[in-house]
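# Residue-level structure breakdown
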Amino acid sequence: QDQIDRCYDAREVMHPAHLTPEFKSKFKYILMGVDPAWTKNKRSKYSVITTVGIKKGVGDKKEGENDRQIIDISRQQVEYDGLFALIKSKYQMLLPTLVIVETNQLQERLRQELVRDAIPTKACFTTGAKNDLLMGIPMLYSLVAAKKFILPTGDSASRELSHQFINELLSWPNGEFSD
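Residues numbered from 1 in each chain as written. Predicted model: local features only at pLDDT ≥ 70, side-chain atom pairs only at ≥ 80, totals over all residues. Heavy atoms only, no water.

### Regarding the packing of aromatic side chains
Selection rule: Only Phe, Tyr and Trp rings are paired, with Trp represented by its six-membered ring, and only when their centres lie within 6.5 Å; those with planes under 30 degrees apart are stacked, over 60 edge-to-face, the remainder tilted. Two thresholds decide whether a charge sits over a ring: the Lys NZ or Arg CZ must be within 6 Å of the ring centre and within 35 degrees of the ring normal.
A complete count under the given rule lists 1 aromatic pair for this structure. Seen in terms of ring centroids, phenylalanine 23 and phenylalanine 27 are 5.2 Å apart; in terms of plane orientation they differ by 65°. Their pairing is edge-to-face. Note that arginine 75 overlies the ring of tyrosine 46, its terminal NZ or CZ placed 3.7 Å from the centroid. The ring of tyrosine 80 is capped by arginine 109, whose NZ or CZ atom sits 4.0 Å from the centre of that ring.

See the structure below:
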């Protein structure tokens, strides 16, 4: 837990709407990851859109602690049209370099529609890979434990989202939702 607590940064806040040029200049890339889930049944799982800034120097020999920063987390139960609109809206507000969409089965339709709207998109096929040490949730946990992420806690909304992110990461695969 101490390793994870070191990732929390009270000087930083989430940026759900707009990134200033000064803030954006800290990053080499801004990536948006989409874990789609749409439903009419409110008991179904959430769609999550996580935007992460990769700081300059990552991949170089200068790589170190806190080189990835959570910029925004959007977690909602939505129907398909609402999810598509939410992704487009987040893209237009945050202008990430690339949107990476979990693309298994029907989720491919969503990715194709984003591409059709000229949103730079890459598919990520995760079927059977949630446990994968190099690509799945254990890899994400390893990066957090190695203090590779900054988790903003500078305001109540950021604190709540960052703690929820960690709680779900630590409860996997036995949490309320499977991913």
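### Focus: the pairing of strand S4 (residues 68-76)
Heads up, the rule is: Burial classes follow relative accessibility: with a 1.4 Å probe on protein chains only, a residue under 20% of its type's maximum area counts as buried, one over 50% as exposed, and anything between as partly exposed. Here a strand is any run of E in DSSP of at least two residues, a helix any run of H or I of at least four, and the numbering for each starts at the N terminus. Any two strands between which DSSP finds at least two bridges are classified as paired.
The buried fraction of S4 amounts to 7 of the 9 residues, a majority that puts the element mostly inside the structure. Here strand S3 (residues 47-55) pairs with S4 via 8 bridges, running antiparallel. Bridge assignment links isoleucine 49 to a residue of S4, and that residue is serine 74. By the bridge criterion, 2 bridges tie S4 to strand S7 (residues 149-152) in an arrangement that is parallel. Residue pairing across strands places arginine 68 opposite phenylalanine 149, the latter belonging to S7.

### A word on helix H5 (residues 137-145)
Convention followed: The arc in question is the one spanned by the directions pointing from the helix axis to the C-beta atoms. Residue contacts are defined here by distance: any two heavy atoms, one from each residue, within 4.5 Å place the two residues in contact.
Looking at H5, one finds that the buried residues are Ile137, Val144 and Ala145. Down the axis of H5, the buried set is contained in an arc of 95°. They therefore lie on one face. Looking at the packing, one finds that the buried side of H5 touches helix H1 (2-5), S7 and helix H6 (156-171). Among the residues trailing H5, lysine 147 stands out with phi positive, at a value near 60°.

### Description of the sheet that holds strand S1 (residues 8-9)
For the record, the criterion: A fitted line through C-alpha atoms represents every axis, and for helices the fit uses only the stretch in contact; the resulting angles, taken between N-to-C directions, go from 0 to 180 degrees.
Pairing within the open sheet is mixed, and its 7 strands lie in the order S1-S7-S4-S3-S2-S5-S6. With partners counted over all chains shown, the strands left at the sheet margins are S1 and strand S6 (121-124), one partner each. One ladder, built from 2 bridges, connects S1 with S7; its direction is parallel. In the strand pairing of S7, tyrosine 8 is matched with leucine 151. Helix H4 (residues 107-116) rests against strand S5 (98-102) and S6 of the sheet, and its axis sits at about 165° to S6.

### Considerations on the nonpolar core
Operational definition: We call a set of buried Ala, Val, Leu, Ile, Met, Phe, Trp, Tyr and Cys residues a nonpolar core when their side-chain atoms join them within 4.5 Å.
By size, the foremost hydrophobic cluster in this structure holds 21 residues, and its most contacted members are Val34, Ile87, Val99, Leu110 and Leu114. Taken together, the elements giving at least two residues each to this core come down to strand S2 (27-35), helix H3 (80-94), S5 and H4. Here the element with the most residues in this core is H3; it accounts for 7 residues. Look past the residues within four positions of leucine 114 in its chain and what remains in contact with it is Phe84, Ile87, Lys88, Val101, Ile119 and Thr121. Counting residues in hydrophobic clusters, the runner-up holds 17 residues, among them Val52, Leu161, Ile166 and Leu169.

### Overview of the pattern of salt bridges
Applied cut-off: Any carboxyl oxygen of Asp or Glu within 4 Å of a side-chain nitrogen of Lys or Arg constitutes a salt bridge here.
Here the structure, examined in full by the defined rule, presents 8 salt bridges. With a shortest N-O distance of 3.4 Å, glutamate 12 and lysine 26 are connected by a salt bridge. Of the two residues, glutamate 12 is situated in the loop between S1 and helix H2 (21-24) and lysine 26 in the loop between H2 and S2; the sequence distance between them amounts to 14 residues. Classification of lysine 26 as partly exposed rests on a relative accessible area of 29%. Note that lysine 90 is salt-bridged to aspartate 72, the shortest N-O span being 2.9 Å. Placement of lysine 90 in helix H3 and of aspartate 72 in strand S4 is noted, with a sequence separation of 18 residues between them. Classification of lysine 90 as buried rests on a relative accessible area of 8%. Its relative accessible area of 2% is what places aspartate 72 among the buried residues.

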